[in-house]
Amino acid sequence: MPVIFTPAATSGGKASSFALKGRAAAAAARKFLLFMGVPFKRSKGLTDNILQPEKSIVNRAREHARYDIRTPMNRRTLFKHSLGLLGAGYARASQVDEPTHRPRGVGALKITDAKAIRRNNYLYYQIFTDGGVTGVGEPSPSNELAGEFLEKVLKPLIVGMDAFAIEKIWEKMYVSTYKERGQSVSIAISGVDIALHDIVGKALGVPVYQLLGGLYRSKIPVYASFTSRERSPVEQAKLCAKMVEQGFTGTKIKIAARQGADGPPAFPDEDRVREARAAIGPKVKLMVDANSGYSVPHAIRMGRFLESQDVFWFEEPVPFWDYAATAEVAKALDIPIAGGEQDHTRWDFQKIISAKALDILQADVTKAGGLSECRKIAALIDAAGLYYVPHDTSGEIGLVACMHLVAATPVCRYLHEYIMEERKNPPVVKEPLIPRNGEIEVPRKPGLGIEV
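Residues numbered from 1 in each chain as written. Predicted model: local features only at pLDDT ≥ 70, side-chain atom pairs only at ≥ 80, totals over all residues. Heavy atoms only, no water.

### Focus: the environment of Ile187
One can find Ile187 in helix H6 (residues 183–204). You can call Ile187 buried: its relative accessible area is 2%. Ile187 sits 41 residues away from Ala146 along the chain, and the two C-alpha atoms are 7.0 Å apart. For Ile187, the contacting residues outside a window of four places in its chain are Pro139, Ser140, Asn143, Ala146, Thr366 and Lys367. (Helix = DSSP H or I, 4+ residues; strand = E, 2+ residues; numbered from the N terminus. Buried < 20%, exposed > 50% of the residue type's maximum accessible area, 1.4 Å probe, protein only. Contact = heavy atoms within 4.5 Å.)

Below, the structure is given as structure tokens:
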């Protein structure tokens, strides 16, 4: 039976009509589907499946839009319902759990278990698959809930899924934990995401940086980062000078009282900065981190002093959660403002960029959502004309993941963080990354390229 669309009368009372019959209807449908970029299968009958394995357009119209095909409609209504049908078809197609395509000879790798391992007070994740490939990842340090959250919340969500379906797994973890959402959730998701990249890299026999776009840089320049506020200015300056002798071209020191609301630091901030600058000379980059220690007026006054000492960036001058306050400081100063280590997901960073709060953004691979999410954040930063310097205080698995990200991401153009504080426990990674002449060489073995 021919399919006939009878449009409604126009406002002027005149009726117009058009009829699409037989092959003409099928041809028009094919043209519309081609215009919309929808794949279809040619069929002999008009009411056969055009979008396999969906029902015919006629029957789907009756079920989805709940109108008889002969119901009067104008062109706008027809177009609207056509788009609705196509969208519904895509939505249903996207929910089909199809196996991820992979190179010949690489079998399916279903996730069978996930464990949080604590060794020497260091927490990391292991993700196991039925193919015998195991991946490791790190949630950000100093988060006691990360182990429990993996095993009680995320593990039931991901067991049985294809380890190659990284984006699908990420979305499921993020959407399913909407009531617990926050930094702790993002930290746990980050650890899983890093481990999945390790698995896929090992299965394919390629380094993780290859999964992220390929090798853009093979050696990563790093700066010597000091986290102690308890050393005297002279003592701290001597350590900075020693790092310069070892080949580092930049160093970072702490100032202010951490989240201190203008509280008094252990030593005067100006003394710490002056001594450090005198010790390292004028050519070495000097960065300072206030860890949210100042109010806006105090931060602006300190920023002007830092400019006189040729400080390269001023990190977290005011509470990191107050984007408006950070933007006020950034607007008042010429020195670049850095931050973002405590923020997570592309949506946080979209707000930071919109607020014009930061010049240098520091999304942490072990906090912000893992390698998958940091790639998206990097794209936002690049599009905004800003710079990305990932934060990292791990020195272990998290540092390795960060180096793979930086190796493949053009917008990571500045020096990158390497913690210099003495470690109390032996490393978990068998061959930890050690800078030589201020640079770290990116691992070239499959996956993250490390063993624990």
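### With respect to the pattern of salt bridges
Overall, the coordinates contain 11 salt bridges when judged by the stated rule. One salt bridge in this structure joins Asp198 and Lys202, with 3.1 Å as the shortest N-O distance. Separated by four residues within a single helix, Asp198 and Lys202 lie in helix H6, roughly one turn from each other. Residue Asp198 is classed as buried on the basis of its relative accessible area, which comes to 0%. A relative accessible area of 32% means that Lys202 is categorised as partly exposed. A salt bridge links Lys430 to Glu451, with the shortest nitrogen-to-oxygen separation between them at 3.5 Å. On the criterion of sequence distance, the pair formed by Lys430 in the loop between strand S11 (416–419) and strand S12 (439–441) and Glu451 in the segment after S12 is long-range, its members being 21 residues apart. (Salt bridge = Lys/Arg side-chain N within 4 Å of Asp/Glu carboxyl O.)

### Things to note about the environment of Ile419
Relative to the helices and strands, Ile419 is located in strand S11. Those residues within four positions of Ile419 in sequence are excluded, and the remaining contacts are Ser225, Thr227, Asp392 and Thr393.

### Section: the packing of aromatic side chains
Applying the stated criterion to the full structure yields nine aromatic pairs. Ring geometry for Phe312 and Tyr414: centres 5.1 Å apart, planes at 65°, overall edge-to-face. Taken together, the residues Phe312 in the loop between helix H10 (296–308) and strand S7 (313–315) and Tyr414 in the loop between helix H14 (397–408) and S11 connect sequence positions 102 residues apart. Given the relative accessible area of 25%, Tyr414 is considered partly exposed. Cluster of aromatic residues (ring-pair linked, three or more members): Tyr223, Phe312, Trp313, Tyr387 and Tyr414. Above the face of the Phe312 ring, Lys285 is positioned so that its terminal group lies 5.1 Å from the ring centre. (Phe/Tyr/Trp six-rings, centres within 6.5 Å; stacked < 30°, edge-to-face > 60°. Lys NZ or Arg CZ within 6 Å of the ring centre and 35° of its normal.)

### Considerations on unusual backbone geometry
Backbone geometry places Ser292, a non-glycine residue, at a positive phi of 65°. When you line up the elements, Ser292 lands in the loop between strand S6 (285–289) and H10. Even without a glycine there, the phi angle at Asn437 is positive, about 55°. Mapping Asn437 onto the fold places it in the loop between S11 and S12. Owing to a relative accessible area of 64%, Asn437 belongs among the exposed residues under this scheme.

### Some points on the pairing of S11
Burial along S11 is two-sided: the face carrying His416 and Tyr418 and the face carrying Glu417 and Ile419 are both buried. Of the strand pairs in this sheet, strand S4 (residues 219–225) and S11 are connected by four bridges, and their pairing is parallel. By the bridge assignment, Ala224 is partnered in S11 with Tyr418. (Pairing = 2+ DSSP bridges.)

### Quick look at helix H4 (residues 145–158)
Given a rise of 1.5 Å per residue, 14 residues ought to cover 20 Å, and the 18 Å separating the end C-alpha atoms of H4 matches this to within 8%. For H4, the principal kink sits at Glu151 and spans about 35°. Of the residues making up H4, those classed as buried are Ala146, Gly147, Phe149, Leu150, Leu154, Leu157 and Ile158. Residues of H4 that are buried sit in contact with strand S1 (111–119), strand S2 (122–129), helix H5 (166–176) and H6. Gly160, located one to two residues past H4, shows a positive phi value of around 95°. (Expected span 1.5 Å × (residues − 1). Bend = angle between axes of the 7 residues up to and from the residue.)

### Some remarks on the pairing of S6
With four of five residues buried, S6 lies mostly within the body of the structure. Here strand S5 (residues 250–254) pairs with S6 via five bridges, running parallel. The partner of Gly250 across the bridge, within S6, is Lys285. As for the winding sense of the linkage, the β-α-β connection from S5 through helix H9 (residues 269–280) to S6 is right-handed. (Right-handed = clockwise from strand over helix to strand, strands pointing away.)

### Side note on the sheet that holds S2
Pairing in this open sheet of three strands is antiparallel, and the strands run S1-S2-S3 from one edge to the other. The outermost strands of the open sheet, each flanked by one partner alone, are S1 and strand S3 (134–137). Direction aside, the axes of adjacent strands within the sheet are offset by 20° on average. When S2 meets S3, the two strands line up antiparallel, connected through four bridges. From the neighbouring strand, Phe128 faces S3, where its bridge partner is Thr134. (Axes fitted to C-alpha atoms, helices over the stretch in contact; angles between N-to-C directions.)

### Section: helix H13 (residues 370–383)
In an α-helix, one turn spans 3.6 residues; hence positions three or four apart end up facing the same way. In a regular helix each residue adds 1.5 Å, so 14 residues correspond to 20 Å; H13 covers 20 Å between its end C-alpha atoms and thus fits that length. Looking only at H13, the buried set comprises Gly370, Leu371, Ser372, Glu373, Cys374, Ile377, Ala378 and Ile381. Phi for Gly385, located one or two positions after H13, is positive at around 75°.

### What about the packing of H9 against H10?
Closest axis-to-axis distance for the H9/H10 pair is 11 Å, and the angle between their directions is 15°. Taken together, the axes of H9 and H10 lie roughly parallel to each other. When the axes of H9 and H10 are compared, the crossing they make is right-handed. Here Asp269, Glu270, Val273 and Arg274 of H9 come into contact with H10, specifically with Met302, Phe305 and Leu306. Across the contact of H9 with H10, the residue classes tally to four nonpolar, no polar and three charged. (Parallel < 35°, antiparallel > 145°, perpendicular 65-115°, else oblique. Left-handed = near helix turned anticlockwise from the far one by under 90°. Nonpolar A, V, L, I, M, F, W, Y, C, P; charged D, E, K, R; others polar.)

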